[in-house]
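# Observations on the model geometry
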Amino acid sequence: EYLAKAYSGNNPMTAGVRMQTASHLTDQNASLSAAAMHSPKSSRSSASAIESLCWQLSNSSLWRGLPCQPGPTAASGRAVLQASPASQLRGIRQPRGQASIREALEAGFMEGYFSLASQYRTQDDPSFCGLATLVMCLNSLEVDPGKVWKGPWRWFHEEMLDCCVQVDRVRKHGLTLAEFACLAGCNSLQVRRLVHPAFDADPQADAAGLAEFEAAVRDCSRTDGCILVASYSRRALGQTGDGHFAPIGGFHPDRQLVLIFDTARFKYPSHWVPLRQLWDALKLPDSATGRPRGYCVLAKAPGLTAFRVSQRFATGVRQPDSPLLRLARDFEDWLAAEVEVGAPANQIREMSDAIAALSQAAGQLGRLCGRHRLAEAVLSRQRQAAADADAEAVLAALRSLPALGPVGDAFLAGLRQSAAAAGVAADVQLEVDNGCGGADGSLALLTLLAWPMPPGSARAALLAEARDWVLRCAPNRLATEVQLLRNQLSTIFEIAPVRVS
């Protein structure tokens with residue numbers, strides 16, 4: 001019964017794999033029944049046969065490494081003082097685990113180990129593995145949060161990571177890999193790679209994916225400038241529970257072992273895992289998304305982000321009626337619509353064409369802000385003292401652009417027009433710091449420059465070209481900020497899709 005539930009009924013796998021698993025269970029169960037009929041000796045024989053069946057399943061190509069029996073859970077009522085890693089894994093306190101560390105150090109594949117070890121922390125909540133992992137990465141890479149944790153100390157802590165998903169929501173539901181990447185991006189980390197390996201890939205594609213994964217593990221183990229984070233299923237490692245995040249602290253090339261810094265130290269100590277087994281664990285689906293889990297590679301971004309997606313919008317991305325999604329869907333519909341007669345030219349030949357195209361989009365953005373009665377911009381300043389000077393530098397760069405005046409005027413005209421039609425006082429939406437587009441339209445221009453334009457739309461293509469024209473004369477600091485904000489918006493739209501394919 002346990003095997004049937006664990007490996008088929010409750011597992012969100014594809015129908016084809018479920019059928020293969022069911023067929024495998026049926027064949028093995030028939031063999032078990034036949035064996036029991038020929039030698040019905042004792043319960044010990046049955047237990048041995050069941051253990052053999054479980055071993056065959058866990059070592060099959062379908063379910064390599066899955067646990068043979070459920071472990072202790074909160075529902076079981078048993079109190080547990082840490083568990084030992086599965087027998088095929090090497091805890092770092094065990095002689096074999098320590099020997100692997102020494103050998104990997106000598107081989108030069110533990111370069112990031114000490115920076116991570118110096119920031120090793122235990123997650124504050126059973127669902128905070130993603131937040132604890134990200135805190136380790138941020139502090140290991142010496143990212144300045146720009147705001148105080150406690151006393152005079154600027155330091156990252158789980159409760160500070162709320163720019164994409166509310167902390168209370170993470171406490172209840174955990175994180176997906178896309179949400180983790182979004183949090184990393186808006187806290188001044190660069191997501192160099194984000195990979196969701198295919199569960200049912202053909203052998204050739206799977207081998208290529210495994211080779212890329214090994215290359216990424218090797219690269220980040222040879223330097224302390226990047227960190228590979230794995231999002232995997234514990235079940236595939238013979239552990240209790242399911243989804244988990246952990247940073248990779250090293251690699252043993254000869255033994256093909258990966259060192260996992262387990263943030264749930266109350267549950268398991270850090271341990272070595274066979275590379276292939278971890279790869280299989282990355283491929284099992286996340287029940288929240290139905291997609292395979294995966295991994296990402298993080299590095300320190302080229303500068304502290306001065307702006308972010310406003311918390312009011314970003315924390316509600318899973319609500320169908322959240323302000324950001326309402327505005328985003330309407331704006332995306334406008335981008336996908338046919339270009340009307342009298343619109344700006346369909347080619348950008350000079351700066352005036354770019355300004356005209358952006359001004360038209362700003363007017364539409366203003367009308368949407370008025371229609372939805374938004375009193376806060378899509379983008380807002382980071383709420384931290386250290387970012388103030390940086391934010392002023394970005395705003396000064398925006399105000400130096402020739403597009404700001406016309407774009408700001410168009411945005412404010414659209415906002416006033418729509419607000420008046422809705423009976424809303426437009427002045428409420430024009431405050432300098434948190435107004436819908438900024439008092440001079442600077443936040444509206446920043447939003448248009450950062451907006452991830454959808455493919456296949458003539459209007460979006462025109463706006464992307466106009467944006468490139470404007471950014472050609474922008475300082476590097478502004479261009480970097482725009483790219484970081486675009487990454488944040490792209491990730492949020494991926495978490496809660498706004499586009500109909």
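Residues numbered from 1 in each chain as written. Predicted model: local features only at pLDDT ≥ 70, side-chain atom pairs only at ≥ 80, totals over all residues. Heavy atoms only, no water.

### Points about helix 10 (residues 275-283)
The criterion, for reference: Partly exposed residues are those whose accessible area sits between 20% and 50% of the maximum for their type, while under 20% is buried and over 50% is exposed, using a 1.4 Å probe and protein chains only. In this description a helix means any DSSP run of H or I spanning at least four residues, a strand means any run of E spanning at least two, and both kinds are numbered starting from the N terminus. Note on definitions: a residue-residue contact is assigned when non-hydrogen atoms from the two residues lie within 4.5 Å.
Counting buried positions along helix 10 gives eight out of nine residues, so the element sits mostly inside the fold. For helix 10, every residue scored as buried is listed here: Leu-275, Gln-277, Leu-278, Trp-279, Asp-280, Ala-281, Leu-282 and Lys-283. Buried residues in helix 10 make contact with helix 9 (203-221), strand 5 (226-233), strand 6 (243-252), strand 7 (257-260), strand 8 (271-274) and strand 9 (294-300).

### Things to note about the pairing of strand 6
How we decide: The pairing criterion is simple: DSSP has to find at least two bridges between the two strands.
With nine of ten residues buried, strand 6 lies mostly within the body of the structure. Of the strand pairs in this sheet, strand 6 and strand 7 are connected by four bridges, and their pairing is antiparallel. What sits directly across from Gly-250, in strand 7, is Leu-259. Between strand 6 and strand 7, which pair antiparallel in sequence order, lie four residues; one of them, Gln-256, sits at a positive phi of approximately 55 degrees.

### Focus on the state of the cysteines
Condition: Disulfides are defined in this document as cysteine sulfur pairs within 2.5 Å.
Using the criterion set out here, one finds one disulfide in the structure. Here Cys-220 engages in a disulfide with Cys-226; their sulfurs sit 2.4 Å apart. Disulfide Cys-220-Cys-226: torsion about the S-S bond near -130 degrees, hence left-handed. For the pair Cys-220 and Cys-226, a shared accessibility class is recorded, and that class is buried.

### So, the sheet that holds strand 4 (residues 189-195)
Note the cut-off: Helix axes are fitted to C-alpha atoms over the stretch in contact, other axes to C-alpha atoms as well, and angles between N-to-C directions run from 0 to 180 degrees.
Sheet architecture is open: seven strands sit in the order 1-8-7-6-5-9-4, paired in antiparallel fashion. In the strand order of this sheet, the two ends are held by strand 1 (90-91) and strand 4, each with one partner. In this fold helix 8 (residues 177-185) packs onto strand 4, strand 5, strand 6 and strand 9, with an angle of close to 160 degrees to the strand it touches most, strand 4. Its contacts with the sheet place helix 9 against strand 4, strand 5, strand 6, strand 7 and strand 9, and it is angled at close to 135 degrees to strand 5.

### Looking at the packing of aromatic side chains
Rules: Think of it this way: a Phe, Tyr or Trp ring, Trp meaning its six-membered ring, pairs with another when their centres are within 6.5 Å, and the plane angle makes it stacked under 30 degrees, edge-to-face over 60, tilted otherwise. Two conditions define a charge sitting above a ring: the NZ of Lys or the CZ of Arg must be within 6 Å of the ring centre, and it must be within 35 degrees of the ring normal.
Counted according to the given criterion, the structure contains nine aromatic pairs. Aromatic ring contacts, followed pair by pair, group Tyr-113, Phe-114, Tyr-120 and Phe-261 into a single cluster. It is Arg-265 that lies over the ring of Tyr-120; its NZ or CZ is 4.1 Å from the centre. The ring of Trp-469 carries Arg-472 above its face, with NZ or CZ at 4.6 Å from the centroid.

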